[in-house]
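Summary of the model geometry
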Amino acid sequence: MAPGLTTPRPAAPKENIDALQQVVAGWDNTLTFFLNGTKVELENIDPEVTLLEYLRGAGLTGTKLGCAEGGCGACTVVISQLNPTTKKVYHASVNACLAPLVSVDGKHVITVEGIGSSTRPHPVQERIALMHGSQCGFCTPGIVMSLYALVRNNPSPTEHEVEEAFDGNLCRCTGYRPILDAAHTFSSAASPCSKAASNGGSGCCMDGGSGPAGGCCKKMKSLDGDEPPQRFTPPNFIEYRPDTELIFPPSLHKYEMKAVAFGNKKKRWLRPVTMSQLLEIKNALPSSKIIGGSTETQIEVKFKNAQYTNSVYVGDIAELKEFKIGDNDLTIGGNITLTDLEKVAKDTLAHFGPERGQPFVAIIKQLEYFAGRQIRNVGTPGGNLATASPISDLNPVFVATNSTLVAQSLEDGEFEIPMTKFFKGYRTTALPPNAIIKAIRVPAAAPKGEFVRAYKQSKRKDDDIAIVTAALRVRLNNDSVVEDVNLVYGGMAPTTVQAKKAIEYLHGKKWGDPEVLENAMNALEEDFPLKYGVPGGMAVYRKSLAFGFFYRFWHDTTAIVAGKTVEEDLVNEIKRNISTGTRDNTAAKAYEQKVLGKSKEHVAAMKQVTGEAQYTDDMPLQQGELHACLVLSTKAHAKLLKVDPSAALELPGVKGWVDHTDLPTPDANFWGAPVRHEPFFAVDEVHTDGQPIGAIVASTAAQAAAGARAVLVEYEDLPAILTTEEAIEKESFFNHHHYIRKGRPITEALASADRVVTGVVKLGGQEHFYLETNASVAIPKREGGEIEVWSSTQNPTETQSFVAHALGVPANRVVAKVKRLGGGFGGKETRSIQLSGICAIAAKKMGKPVRCMLNRDEDMRTSGARHPFLAYWKVGVNNDGKLVALDVDVYCNGGWTQDLSAAVTDRALSHIDGVYKFESVDVRGTPCRTNTVSNTAFRGFGGPQGMFIAETYMEEVADHLGMPVDKLREINLYHEGDMTHFNQELKDYHVPLLIKQLKEESNYDSRRKAVDDFNATHKWKKRGLSLLATKFGISFTALFLNQAGALVHIYHDGSILLAHGGTEMGQGLHTKMIQIAAEALQVSPDSIHIAETATNTVANTSATAASASSDLNGYAIFNACEQLNERLQPYREKLGPDATMEQLATAAYFDRVNLSANGFYKTPDIGYIWGANSGQMFFYFTQGAALAEVEIDCLTGDWTCLRADVKMDIGRSINPAIDYGQIEGAFVQGQGLFTMEELLWTRNNGRLFTTGPGNYKIPGFRDVPQEFNVSMLKDVEWKELRTIQRSRGVGEPPLFLGASVFFAIRDAVKARRRDGEGVAPAKTAMAAKGVVDGVDGVDGVDGEKDVLRFRSPATTERIRLACADEILRRAYVAPEEGEDEWFVTI
Ligand SMILES: Cc1cc2nc3c(=O)[nH]c(=O)nc-3n(C[C@H](O)[C@H](O)[C@H](O)COP(=O)(O)OP(=O)(O)OC[C@H]3O[C@@H](n4cnc5c(N)ncnc54)[C@H](O)[C@@H]3O)c2cc1C
Ligand code: FES
Ligand code: FES
């Protein structure tokens, strides 16, 4: 059987089918709902489409597909309905990617297009746009709809509610601050002006004398600095008037839910509306699949190819949505939504009071960090229970509280199952197949002596499944003796489990007796004998959490029992405050010109917030268009024995198969720069999981996907190399070995130092996680082999040249076009070409347009990531802290093809000095070839990795010297005029000044003392500080790429069409380029338009990368404008200074003057020669500094960034608002890289495990620094900077500053380890080298020091494991002979 096909379910017996037919006979087969205010009646419904597919198919492409697994929120729509639980209209934000179409019957679906347009935006849309809340804009419609849902339900949300509203949304560009600022204008804490209607509708909070002291109105500290307060009222903003919202259609108030049945033989949907209908269905055909919120099931359908022939949507059965607060319990319907459960639990808590209400507090607590709001709006406890996931968050609470499940079947009527007996094994329960979960009865706690708590730890706080989750309950008699106890855990076994041995031991024991604690912990150890290689990994961490939760529970409750104050830092969990922040806009004021230097929102912002902005997959279907789906290798390294698409070709809609035999020559199959060695399609061997083998082409995307699953591929496994260490051992390298040498021979230089410190740095890669996955549409033309390729690429020219090469035509037959990208970050610099090439090959073969947008998992498996790095370093240093010599071997994991690995390694070598001066340097770089996805460019391009190595050796050297790292840094900072190790003089060098200003402005010294004081008085919470700086070289390291072209047309109506070589991916390039042209031509920016980036308007473009696009394209545009200005000068003189461009252009046109100009620019001076270590490497350096402060929870590894201050020298900003967006976004992305984002491979098969937002966590809204202050260096001159407006590139440089959070965490961990309790790690079991991946208490060269070697990213697991203590000692698991961790980090 083909690997993608599931075992067909045995067909249901005919009598059951017949019985079901009888049940549903006469049921309606239409769906009736409202869509953006208009009634829709759907017949002939495709039973397999989701709401998202339906909406996009209907042309409402504002709703985006980002992941198809409910994890990103890009698909958020609002479904308004009369809620059967609360009996009120509720506007639910919902993930359209998971919602079955059947679920909208009788409801009102509102999409981003339904609430406003770019000419008449909704206030939510307008504020997000004008307050710079969108960059690439791909996440934006989803974010708009989440905020819209919030304000529709509650026009005066609290600040907390505002922040919580986005827990199901991700944005990869903005760093969230501006979105939060925009959203907070709606919060009740904002001045009434933001809700003028609720303030009488006049538009001013001062009306009636009720305004705040100091006058109107909300002061947006972050935007305004010292400027007058900003009004969220006309004329600047549209006021928010809830009374003007789309009404809930009156006919839906009266709508009677009817039973619905539609579909075909393959798939049927049934929508019963009464219990009896449901029970009859289950009785007739027990295998019918019940669907509650579909949040679990749709993922099984999409990613596990589960096929449910009869799906029964139960979300409209009122009996399953009810609740009842009884005398001693709460009964909730099985399919009440989790959002309603939150409210019901709060009401029940109020009813029973704090003691008896503890089980409901536990439910509320678990729901606080349960998925995102969109999931909670539809997901149900019944779905959670029936799924029986071992990491379910609610199930432990139900079990621990001795809840009872009420089941029902037609045959047996209602019957009860105690929750302690419900879970039978991995995803199996005691529920009979013909029964349904009707309700759950949760008992209240005893009025006295009973304690219930719930705990959860995950990689990310918001919207993340648990690593370990628990509900712990104990009931004591008057003598504090345990009468009843239940300790229930998730994440410790294949199912929700009770810690039976600990429970048994605790019965009858005295609560509070230290010996009982000791023995209970011993019993827990016996309960959870996890093996080192446990599936899912993290054996030590899981155990430490299980023990830690109990320890916390014990101390919390024993203190209460003893009437003592609880030890807050042990018992309390880390909570964050409402996010705040500032941007210092005064810095850029001095450089403002007419247009340049002014903050202006992104040119496409209003289109992005209204869903009008078009991305590749939003393009209307072309006539005869086909869809491709890739068949990807499922092996890390294997011989291809057989590839047989014949079964696929038989499937409906499948039109063809494309593979390497469809290329005109074998050589045409290869692409890649600088080395063309990557095949579009595998030939006889696969070298990585995710390598394309071929593609199925079909009429629809779903048919293509079904076809791809049916292609038979047989492999013969070959040995695979996954890690850099293995590659080094096997000498599996790409042929690129660069070095930089300066000063004395390195051995001599090291020998001359007072001491030599050595170390190893390892840091993981990073998935780009642009919200828009790779997409491409190839449109073959009828003549001369011409083809047009639209794609989401940063590199139109390479797309053009490799498509031409693959098709065997000259480049002049291929036009590569880009409207905009939904984020790139380097991930679409080269890797996008693979998909475009494949679509073009398929389009040529089929003679039809071919489209493909990759699923998130396909994208992550094929498109590569940031390179993981490994470095072995030696630093020669004198006892006074003066750095003498640096000697490093640097390796990166390039994956299976070279791609840009060589250049990335080079950049790491050039940034390995950080901001520090050495007399002698010898650094060598080698990219490794492994059987993993081909790693590629990612914002910073090796620079952050180089600088991370630098800051790591600085930290460890300082620890060895026993010197504060700040002092070591200060001693060794570069200054103006110093030469780098690649012999470039530092000009306009402001790092020392940045550090000085940042220290002063952020009160560094007093905060350092406050942190030290905090650490001296807190054992279980520690704080850390770190102040870092960066200098980031701007220029492509490949000299020829430092060029750009532009084309400017002035039409005789005075409008201007601008084209340049850069692509717009959210960074605001088009906005800046328009500003440059507007300033140069002295016109309004509104008269300038950029339609797209295309290779037939500007040829031979460089990739939009290296933070150089504004410099390069900006000057090319300026150059074109200068030519035009010269030609227009006579008309300016003739028509006077007030002449409009229309007048000038018309006059010039009639005089037959050429009003088109082609501009060009190449960066002067640069040209570094490797080996010789001569020539200038970079045109200049962008510089910055950051100070981060964190708090960690030593018991769990949880943490928060309390505050971050970032200061950048970006010269004279072209557009401060856009530049601040880049700084904040890059910092948060860097924070993600160094603290949270971890790519994992499954050891047993070498496949990428982290293939979507479910298991790969990027920072969310509530991960950004709680206080986030950003400023620009001011009051300096940039004498040497010869860029346009004297601005510096800003896209990449701030990213590394996110490492300040990592090093602040390291600082906090060190504080923990310094404590007496924090057992000296080198002496603990945890310090056994290599046993715990990533945390290593290492003895220094001189042997006497405990120096923490802390691997990036600083995940919660690594933080916890680094805080060596007694609990961790208990959790220690030694690997057995030959046993390895479940996952591999490469
Ligand atoms: C992005 C995301 C994040 C998530 N985060 C969390 C999390 O933090 N914690 C957590 O615990 N879970 C999480 N989940 C899992 C999931 O959302 C929950 O398990 C949810 O409660 C499932 O409810 P549902 O109604 O959507 O289930 P469905 O998908 O509709 O159904 C799931 C299963 O339950 C069965 N079922 C549903 N109702 C009944 C009934 N009345 N009687 C019998 N069987 C029934 C279905 O047949 C199916 O087998 C997450 C899921 C996603 C997609
Ligand atoms: S696309 Fe639906 S949540 Fe990501
Ligand atoms: S603007 Fe949010 S992902 Fe790009």
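Not measured: the values here are computed from a predicted model.

Here is what the cut-offs are and how they apply
Residues numbered from 1 in each chain as written. Chains lettered and ligands numbered in written order. Predicted model: local features only at pLDDT ≥ 70, side-chain atom pairs only at ≥ 80, totals over all residues. Heavy atoms only, no water. Helix = DSSP H or I, 4+ residues; strand = E, 2+ residues; numbered from the N terminus. Rg over C-alpha atoms; globule rule 2.2 N^0.38 Å. Buried < 20%, exposed > 50% of the residue type's maximum accessible area, 1.4 Å probe, protein only. Axes fitted to C-alpha atoms, helices over the stretch in contact; angles between N-to-C directions. Parallel < 35°, antiparallel > 145°, perpendicular 65-115°, else oblique. Left-handed = near helix turned anticlockwise from the far one by under 90°. Contact = heavy atoms within 4.5 Å. Nonpolar A, V, L, I, M, F, W, Y, C, P; charged D, E, K, R; others polar. Core = buried A, V, L, I, M, F, W, Y, C linked by side-chain atoms within 4.5 Å. Near = heavy atom within 4 Å. Polar contact = N/O pair within 3.5 Å; in protein donor to acceptor, adjacent residues only side chain to side chain. Areas by Shrake-Rupley, 256 points an atom, 1.4 Å probe, with all protein chains shown as cover. Pairing = 2+ DSSP bridges. Salt bridge = Lys/Arg side-chain N within 4 Å of Asp/Glu carboxyl O. pLDDT = per-residue confidence, 0-100. UniProt positions renumbered as here; feature names shortened; annotations may be inferred. 1 Å grid on protein atoms, 1.4 Å probe; cavity = no way out; pocket = protein on both sides within 12 Å on 5 of 7 lines; lining within 4 Å. Points joined across faces, edges and corners; volume = space filled by probe spheres on them.

A few words on the overall build of the chain. Within the chain one finds 41 helices and 52 strands. Relative to the globule expectation of 34 Å for 1386 residues, the C-alpha radius of gyration of the chain, 31 Å, shows essentially globular dimensions. Viewed in the frame of its principal axes, the chain has a C-alpha envelope of about 90 × 80 × 75 Å. Every one of the 1386 residues in the chain was classed for burial, and the buried ones make up 65%.

A few words now on the packing of helix α1 (residues 14-24) against helix α10 (residues 275-284). The contact between α1 and α10 brings their axes to 8 Å, and the two run at 165°. It follows that α1 is roughly antiparallel to α10 by the angle criterion. Crossing handedness for the pair α1 and α10: right-handed. Counted together, Asn 16, Ala 19, Leu 20 and Val 23 of α1 and Gln 277, Glu 280, Ile 281 and Ala 284 of α10 form the full contact between these two elements. The class makeup of the residues in the contact of α1 with α10 is five nonpolar, two polar and one charged.

Take the nonpolar core next. Counting residues in hydrophobic clusters, the biggest one holds 264 residues, and the most contacted among them are Leu 487, Tyr 489, Phe 550, Ile 1192 and Ile 1305. No other element matches the 11 residues that helix α19 (residues 539-561) contributes to this core. Not counting residues up to four positions away in its chain, the partners in contact with Ile 1305 are Val 1190, Ile 1192, Trp 1199, Thr 1235, Phe 1350, Ala 1354 and Ile 1359. One finds Leu 55, Val 397, Phe 398 and Ala 400 within the second-largest nonpolar core, a separate group that totals 66 residues.

Our focus in this paragraph is the site of ligand 1. Around ligand 1 lies a shell of 32 residues, among which Ile 290, Gly 292, Thr 295, Thr 297 and Thr 380 are the nearest. Measuring from an oxygen atom of ligand 1, one finds a backbone N or O atom of Glu 296 at 2.9 Å. For ligand 1, an oxygen atom lies 3.5 Å from a polar atom in the backbone of Gly 383. Protein burial of ligand 1: of its 980 Å² of free accessible surface, 92% is covered by the chains.

Cis geometry is found at the peptide bond from Ala 673 to Pro 674, where omega equals 5°. Relative to the assigned elements, Pro 674 resides in the loop between β25 (670-671) and β26 (678-679). Look at the link from Ser 1352 to Pro 1353: it is a cis peptide, with omega at 5°. Along the chain, the position of Pro 1353 falls in the loop between β51 (1346-1350) and α40 (1356-1362). A positive phi angle, near 50°, is found at Asn 36, a position not held by glycine. Secondary-structure assignment places Asn 36 in the loop between β1 (31-35) and β2 (38-42). Not every positive phi belongs to a glycine, and Arg 1152 is a case in point at roughly 60°. Looking at the element boundaries, Arg 1152 is found in the loop between α37 (1141-1150) and β44 (1156-1162).

Attention now goes to the sheet that holds strand β43 (residues 1093-1094). Within the open sheet, the eight strands sit side by side as β24-β28-β22-β35-β32-β33-β34-β43. Their pairing is mixed. Pairing within the sheet leaves two strands with one partner each, and these edge strands are β24 (654-658) and β43. Sheet topology note: the strand β22 (residues 626-632)/strand β35 (residues 850-853) ladder contains two bridges and is parallel. Paired with Leu 626 across the strands is Val 850, a residue of β35. On the sheet, helix α27 (residues 796-807) packs against β33 (787-791), β34 (814-818) and β43 and is oriented at approximately 145° with respect to β34. The strands touched by helix α28 (residues 832-846) within the sheet are β22, β24, β28 (692-698), β32 (775-780), β33 and β35, with β32 carrying the most contacts at an inclination of about 30°.

So, on to the pattern of salt bridges. Per the counting criterion, the structure on display carries 90 salt bridges. Note that Lys 64 and Asp 618 form a salt bridge whose closest N and O atoms lie 2.6 Å from each other. Of this pair, Lys 64 sits in the loop between α2 (51-57) and β3 (76-82) while Asp 618 is found in the loop between α22 (605-610) and β22, placing the two residues 554 residues apart along the sequence. Here the two residues Lys 64 and Asp 618 agree in accessibility, since each one is buried. In this structure, Lys 1274 and Asp 584 form a salt bridge, with 3.2 Å as the shortest nitrogen-oxygen distance. Of this pair, Lys 1274 sits in the loop between β49 (1267-1272) and α39 (1299-1314) while Asp 584 is found in the loop between β21 (580-583) and α21 (586-589), placing the two residues 690 residues apart along the sequence. According to the relative accessible area criterion, Lys 1274 is partly exposed, its value standing at 25%. Within this structure, Glu 951, Glu 955, Asp 959, Asp 966, Arg 969, Arg 1306 and Lys 1310 form a network of salt bridges that share partners.

By definition, the strands of a sheet pair up through backbone hydrogen bonds, in either a parallel or an antiparallel sense. Taken together, five strands build an open sheet; the order of strands is β10-β11-β16-β12-β13 and the sheet is antiparallel. Whereas interior strands pair on both sides, the edge strands pair on one side only; in this sheet they are β10 (323-325) and β13 (413-418). Direction aside, the axes of adjacent strands within the sheet are offset by 20° on average. Taken together, the six bridges between strand β12 (residues 404-409) and β13 define a ladder with antiparallel strand orientation. From the neighbouring strand, Val 406 faces β13, where its bridge partner is Glu 416. Its contacts with the sheet place helix α13 (residues 358-368) against β11 (329-333) and β16 (436-443), and it is angled at close to 125° to β16.

Looking at the chain as a whole, the pLDDT averages 91, with 94% of positions reaching at least 70. Segment residues 1318-1334: pLDDT under 50, and 40 contacts once partners within four positions in sequence are set aside and those in other chains are kept.

It is worth spelling out the UniProt feature "binding site: substrate" (unreviewed entry) in the chain at this point. Mapped onto the present numbering, the UniProt feature "binding site: substrate" (unreviewed entry) falls on Glu 829, Arg 907, Phe 941 and Thr 1037. Position of Phe 941 relative to the elements: it lies in the loop between β38 (920-928) and α31 (943-961). Note on Phe 941: relative accessible area 13%, which makes it buried. Discounting chain neighbours no more than four positions away, the residues touching Phe 941 are Glu 829, Arg 866, Leu 900, Ala 903, Val 904, Arg 907 and Glu 1292. Note on placement: Thr 1037 falls in the loop between β39 (1021-1034) and β40 (1043-1050). With near-sequence residues (within four places) excluded, Thr 1037 lies in contact with Ala 903, Met 1177 and Phe 1178.

In this section: empty space enclosed by the protein. In this structure the tally under the stated criterion is 16 cavities of 30 Å³ or more. Reported here for the largest cavity is a volume of approximately 220 Å³. Around the largest cavity, the lining comprises 20 residues; the ones closest to its centre are Gln 81, Ser 103, Tyr 313, Asn 377 and Val 378. When its volume is computed, the second largest cavity comes out at roughly 140 Å³. As for the second largest cavity, its lining consists of 18 residues, and the residues nearest its centre are Gly 764, Gly 765, Leu 1239, Thr 1385 and Ile 1386. A per-class count over the lining of the second largest cavity returns seven nonpolar, five polar and six charged.

Right, let's get into the pairing of β1. The buried fraction of β1 amounts to five of the five residues, a majority that puts the element mostly inside the structure. The alternating pattern of β1 places Leu 31, Phe 33 and Leu 35 on one face and Thr 32 and Phe 34 on the opposite face, and all of these are buried. By the bridge criterion, five bridges tie β1 to β2 in an arrangement that is antiparallel. Note on β2: the bridge partner recorded for Phe 34 is Lys 39. In this antiparallel pair of consecutive strands, β1 and β2, the connection spans two residues, and Asn 36 shows a positive phi of 50°. The pairing of β1 with strand β5 (residues 108-110) spans two bridges and is classified as parallel. Within the sheet, the bridge partner assigned to Phe 34 lies in β5 and is His 108.

Within the element layout of this structure, Arg 1007 appears in helix α34 (residues 1004-1017). Looking at Arg 1007, the relative accessible area reads 10%, which means it is buried. Excluding anything up to four places from it in sequence, Arg 1007 contacts Ser 1002, Leu 1025, Leu 1187, Glu 1189, Arg 1203 and Asp 1205.

Another aspect to go through is the environment of Ala 502. Mapped onto the fold, Ala 502 is located in helix α17 (residues 500-506). For the pair formed by Ala 502 and Leu 487, sequence separation is 15 residues and the distance between their alpha carbons is 7.9 Å. Apart from residues no more than four positions distant in its own chain, Ala 502 is found in contact with Leu 487, Ala 520, Ala 523, Leu 524 and Asp 527.

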